[in-house]
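# A look at the structure
Chain residues, written in single-letter form:
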Amino acid sequence: DDKIMEKSIDPAVHQMLDRAEQLGLETVWDRYEKMLPECGFGELGVCCRNCNMGPCRISPFEDDGPQRGICGATADIIVARNLIRMIAGGAAAHSDHGRDLAHTLLLTAEGKSGGYEIKDEAKLAALAAEYGIATDQRSKEAIAEDLAKAVYAEFGKQEGPLQFTRRAPQKRVAQWQKMGIDPRGIDREIVEIMHRTHIGVDNDPVNLILQGLKASIADGWGGSMVATEISDVLFGTPMPVKSEANLGVLKEDHVNIIAHGHEPVLSEMILAAAGDPSLVANAKAAGAKGINVVGMCCTGNEIVMRHGIPLAGNFMQQELAIITGAVDAMIVDVQCIMPALGDLCECFHTRFISTSPKAKFPGAVHMQFSEESALAIAKEIVGSAVENYAHRVPEKVFIPADKTACMVGFSTEAILKALGGSLDPLLDAIKSGAVRGIAGVVGCNNPKIKHDEGHVGLVRHLIENNVLVVTTGCNAIACAKVGLMLPEAADDAGDGLKGVCKALGIPPVLHMGSCVDISRILSVCAAVANALGVDICDLPVAGAAPEWMSEKAVSIGAYVVSSGIFTVLGTVPPVLGSPVVTEVLTQAANDVVGAAFAVETDPVKAAGLMIDNIDKKRQALGI
Ligand code: SF4
Ligand code: FE2
């Protein structure tokens, strides 16, 4: 019906919501509607629970209600504190993911990990060179051990700089230093946010926001970049590969396993275990044709990029996957996993398996994962999914047919390879105007926005206007599902971009990976800026997070802007209760880091803002 059509642009979602309704099951969309109207104080960012004299909330009406918290904090102070605590949460999540990768690399180098190996020696050597680690006549394990220790140390460093921040153009680093936002240690900047936002510490909104930017830089050019680079060393740097996306990748006659969450440390081993001949034999003995592993959210992005494993869907589809009744195990680690999955799995045979000591869920079976015995545990987990196949109720199975082919795997290295080994063809295309500019479009789903419409509407408008799109996260999955990640999609692009894509055989929308892989976008921007001898804020590039919702997205937005890239948000951040914070983020940031935020909920208008910005940069560069 019409109500369902309004919730998403995805036909698979329409069918599954219809199915949920028939079965009387609740989803994120229902809970969102029950929550309306959402708390007005929360929306404005003016409620504070940072001490127990409160909670306090500031009235949005100057002549009616309190204008200060009990400690005297104004709306400006409270909003700034709340905002940077969101950045702390997001930076912590990405960086702890990076730390886990560093840990896995160290164990692997020491021969203590249970099944991992160093797959990309070229990347290992390149990173070692960046860190000044000797490589001559040394085993890959010896090099990896030094690298792991050096990278591990970035988290607890007391004094900077973080090595990867030095990939940024010199002008950028100088500006960060001038503003006092060149990060020291990754953990240190996050801790300092928690300190400064404690009652009675930092009560200057601008000073607070600067610390937020500093911690976000430690995320984007620190923790996230570590996560990306070390994942490549351990699991291989992604290269273009074909796959499929949407719920139709589930198979009625196979054991279906969904790997959902974020860290490839788990999903790589699940994949390895699913190839185990004795487990495959067990699946066949149970009457299945085989074991079908598919991915969801960023775990999905990690394994589609490296192995072409199909994508079952993005954030808003996790419950719908369970409702197909065809999922034998939903295996999760950390981040973006709805606690609602537990109750939902009880309505089906699906086994909901949590694996991280950091993330337990109601209704989940906990099978704790450890790197030391990774493959053995992964086999147990996959075995449990295979065993559960017998409990599937055929009458409850409904898998939508929808799935779309995609070409993914565009790491920086893959893009360079597609360009013939140097950035020059891309730079020439930008100079000639065939490619007007580059847009990074990323981020979550959010029920405040019609599912995937924010993403797809914006991306389509950009490519029609000759803006090459690079993407990660749930935006990437949205684009894959509508066919924008096929070389043929170049036909939907403007003439200039179309010509470039056809010549190179690439799609107009390049999948660069998971959310931590936004660090790949930063690295490309840095390389382009360095090649042109300019700063990142001079480039004809722009960023967008059309359907963002998580704290991680707040940190991402902050580090993308801190890197000098104009960024449009498609959902309104909780800052409008403070005129000062709003002004800093949308205007004054230009003077501090050479870029600022805009908020635009209409995807076509948002694309328009990005194109205007790109055109301004082109003009300033004289191209
Ligand atoms: Fe209220 Fe200040 Fe305590 Fe926040 S820190 S709850 S504004 S008294
Ligand atoms: Fe993600």
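Residues numbered from 1 in each chain as written. Chains lettered and ligands numbered in written order. Predicted model: local features only at pLDDT ≥ 70, side-chain atom pairs only at ≥ 80, totals over all residues.

Once that is clear, we can look at the sheet that holds strand E11 (residues 437-441). Across the sheet, six strands lie side by side as E13-E12-E11-E14-E15-E16; this open sheet has parallel pairing. Across the chains shown, the open sheet's two edge strands, defined by having one partner strand only, are strand E13 (509-513) and strand E16 (597-599). Sheet twist, expressed as the mean angle between neighbouring strand axes with direction ignored, is 25 degrees. The sheet contact formed by strand E15 (residues 567-569) and E16 spans three bridges and is parallel. Counted as the bridge partner of valine 568 is alanine 598 from E16. Along the sheet, helix H19 (residues 453-464) makes contact with E11, strand E12 (467-472), E13 and strand E14 (541-545), crossing E12 at roughly 150 degrees. (Pairing = 2+ DSSP bridges. Helix = DSSP H or I, 4+ residues; strand = E, 2+ residues; numbered from the N terminus. Axes fitted to C-alpha atoms, helices over the stretch in contact; angles between N-to-C directions. Contact = placed C-beta atoms within 7 Å.)

A few words on the pairing of E14. In terms of burial, E14 is a largely internal element, five of the five residues being buried. Because side chains alternate across E14, one face comprises the buried residues Val541, Gly543 and Ala545, and the other comprises Ala542 and Ala544, equally buried. Of the strand pairs in this sheet, E11 and E14 are connected by four bridges, and their pairing is parallel. Pairing of alanine 439 across the sheet is with alanine 542, part of E14. In this fold, the crossover linking E14 to E15 by way of helix H23 (residues 551-562) has right-handed handedness. (Buried ≥ 20, exposed ≤ 12 C-beta atoms within 10 Å, placed from the backbone. Right-handed = clockwise from strand over helix to strand, strands pointing away.)

On to the site of ligand 1. In the vicinity of ligand 1, 14 residues are found, and the nearest of them are Cys48, Cys51, Gly54, Cys56 and Gly69. Counted by class, the shell around ligand 1 contains 10 nonpolar, three polar and one charged residues. (Near = placed C-beta within 6 Å. Nonpolar A, V, L, I, M, F, W, Y, C, P; charged D, E, K, R; others polar.)

Turning next to the nonpolar core. Ranked by size, the top nonpolar core spans 213 residues in total, and within it Leu105, Ile257, Ile270, Met330 and Val469 carry the most contacts. The element best represented in this core is helix H5 (residues 75-109), accounting for 18 residues. (Core = buried A, V, L, I, M, F, W, Y, C linked by C-beta atoms within 7 Å.)

In terms of domain boundaries, the chain breaks down into domain 1 (2-57), domain 2 (79-235), domain 3 (247-396) and domain 4 (407-621). If you average the C-alpha positions of domain 2 and of domain 3, the two centres end up 30 Å apart. Taken together, the contacts link 14 residues of domain 2 with 15 residues of domain 3. Among the secondary structure elements, those contributing two or more residues to the side of domain 2 that touches domain 3 are H5 and helix H10 (205-235). Looking at the side of domain 2 that touches domain 3 element by element, the count peaks at seven residues for H5. (Domains from an automatic or database assignment.)

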